Amino acid sequence: GNSVTQMEGPVTLSEEAFLTINCTYTATGYPSLFWYVQYPGEGLQLLLKATKADDKGSNKGFEATYRKETTSFHLEKGSVQVSDSAVYFCALRLNTGGFKTIFGAGTRLFVKA
Amino acid sequence: DAGVIQSPRHEVTEMGQEVTLRCKPISGHDYLFWYRQTMMRGLELLIYFNNNVPIDDSGMPEDRFSAKMPNASFSTLKIQPSEPRDSAVYFCASSLWNLGYEQYFGPGTRLTVT
């Protein structure tokens, strides 16, 4: 079936450290891939997206590349800030059969000053 | 635009009571989704609508749950009767086909059933 697997958290980093959150997926066809972020007490917000293989999504210093050969969409940021502390969700949207979006379990990130 | 609006933000009720959660999607969006988030199960899609018509309700846990969308600007999720295991944060999200189907989430309703 279709699914998304993310690295378990929490991930704890010091400010200005490099961030990687791994995400792999299983899907039929050619899904679109997303990273959403959830700040405490809020709903999810779209962070970035990629719609086809080798596309790179980027926003606010975060980036992720759609790798079809490894079925991955890892999230990276070169220098994290305390304000990046949140839960990050990898997701895929099937482009057929009703456009359902499937979310990963989420990875909590803590950034220390 | 005000974004997706959900009410109430918090709901505390006793087991056996009826609970109704409300959602107003972003004006013009043609998809509406209801999700449930818990620590144990993460984010689960319950049901989604396209142009007010339910498309996939396979995530609705059981007959105690029902959802309606009487018009393009309003949807409800009802639980009757409620049980303690229904305690969760319920999110509504909307999207539009020509925006790449990115979903815009509301702030959620935190439901506690005692």
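Throughout this description, residue numbers start from 1 for each chain and increase along the sequence as written. Starting at A for chains and at 1 for ligands, labels are handed out in the order in which the entities are written. Confidence filtering applies because this is a predicted model: local features only for residues at pLDDT of at least 70, side-chain atom pairs given and counted only at 80 or more, and all residues used for totals across whole chains, interfaces and linings. Derived side-chain values reflect all non-hydrogen atoms in the structure, with water molecules and hydrogen atoms excluded from consideration.

Residue and element names in this part refer to chain B. Examined bridge by bridge, strand 7 (residues 65–71) and strand 8 (residues 74–79) share five bridges and lie antiparallel to one another. Its bridge partner lying in strand 8, alanine 67 is registered against leucine 77. Where strand 7 folds back onto strand 8 in an antiparallel hairpin, the turn is made up of two residues. Paired strands, as defined in this entry, are two strands with at least two bridges between them according to DSSP. Every helix listed is a DSSP run of H or I at least four residues long, and every strand listed is a run of E at least two residues long, numbered separately from the N terminus.

Before going further, it helps to examine the side chain of A:Gln6. All names here are of chain A. Locating glutamine 6 in the fold gives a position in strand 1 (residues 3–6). Within polar-contact distance, the side chain of glutamine 6 engages the backbone oxygen of tyrosine 88 at 2.9 Å. Of note is the side chain of glutamine 6, whose polar atom sits 3.0 Å from the backbone nitrogen of cysteine 90. Two residues form a contact once any of their heavy atoms are found within 4.5 Å. Apart from residues no more than four positions distant in its own chain, glutamine 6 is found in contact with Ile21, Asn22, Cys23, Trp35, Tyr88, Phe89, Cys90, Gly104, Ala105, Gly106 and Thr107. Under this definition, polar contacts are N or O atom pairs within 3.5 Å; protein pairs additionally need one hydrogen-donor-capable and one acceptor-capable atom, and for neighbouring residues in sequence, both atoms have to be side-chain atoms.

Turning our attention to unusual backbone geometry. The omega torsion across A:Gly9 and A:Pro10 is 0°, close enough to zero to call that bond cis. Take A:Pro10: it is sitting in the loop between strand 1 and strand 2 (11–14). Residue B:Ser7 is joined to B:Pro8 through a cis peptide bond whose omega torsion reads -10°. The residue B:Pro8 is located in the loop between strand 1 (5–7) and strand 2 (10–13) in this model. Positive phi, close to 75°, is recorded for B:Asn52, a residue that is not glycine.

Here the focus is the interface of chain A and chain B. Each side of the interface is counted separately: chain A has 17 residues, and chain B has 18 residues. Here chain A packs against chain B, burying approximately 1400 Å² in sum over the two surfaces, 54% of which is carbon and sulfur. Between Lys or Arg on one side and Asp or Glu on the other, a salt bridge is scored when a side-chain nitrogen of the former is within 4 Å of a carboxyl oxygen of the latter. Connecting chain A to chain B are one salt bridge. Salt-bridge contacts for A:Lys49 lead to B:Glu102; the nearest nitrogen and oxygen are separated by 2.2 Å. Counting every contact that joins chain A to chain B gives four residue pairs in polar contact (both at pLDDT 80 or more). When residues of the side of chain A that touches chain B are traced back to their parent elements, those giving at least two are strand 5 (32–38), strand 6 (44–50), strand 10 (86–93) and strand 11 (101–103) of chain A. In the scheme used here, Gly and all other residues not listed as nonpolar or charged are polar, with Ala, Val, Leu, Ile, Met, Phe, Trp, Tyr, Cys and Pro taken as nonpolar and Asp, Glu, Lys and Arg as charged. Among the residues making up the side of chain A that touches chain B, the classes are represented as seven nonpolar, six polar and four charged. Once two parts are put together, the accessible area they lose, assessed with a 1.4 Å probe and summed over both, is termed the buried area.

Another point: the sheet that holds strand 3 (residues 19–24) of chain B. All names here are of chain B. If you walk across this open sheet you meet the four strands as 1-3-8-7, and the pairing is antiparallel. Pairing within the sheet leaves two strands with one partner each, and these edge strands are strand 1 and strand 7. Within the sheet, the average angular offset between the axes of one strand and its neighbour, ignoring direction, is 15°. Taken together, the three bridges between strand 1 and strand 3 define a ladder with antiparallel strand orientation. Bridging from a neighbouring strand, glutamine 6 pairs with cysteine 23 of strand 3. All axes are obtained by fitting lines to C-alpha atoms, using only the stretch in contact for helices, and the reported angles, taken between N-to-C directions, cover 0 to 180 degrees.

Any two cysteine sulfur atoms within 2.5 Å of one another count as a disulfide. Within the structure shown, the criterion is met by two disulfides over all chains. Across the disulfide from A:Cys23 sits A:Cys90; the S-S distance is 1.9 Å. Here the disulfide of A:Cys23 and A:Cys90 is left-handed, its torsion about the S-S bond being about -70°. With a gap of 67 residues between them, A:Cys23 in strand 4 (residues 23–26) and A:Cys90 in strand 10 connect regions that are remote in the sequence. For the exposure calls, accessible area comes from a 1.4 Å probe over protein chains only, and a residue counts as buried if that area is under 20% of its type's maximum, exposed if over 50%, partly exposed in between. Of the residues examined, A:Cys90 reaches a relative accessible area of 1% and is grouped as buried. Disulfide partner of B:Cys23: B:Cys92, at an S-S distance of 1.9 Å. Judged by the sign of its S-S torsion, about -65°, the bond between B:Cys23 and B:Cys92 is left-handed. Of this pair, B:Cys23 sits in strand 3 while B:Cys92 sits in strand 9 (residues 88–95), and the two are 69 residues apart along the sequence. Taken individually, B:Cys23 and B:Cys92 each receive the classification buried, so the pair is uniform in this respect.

Function cannot be inferred from these measures alone, as they are strictly geometric.
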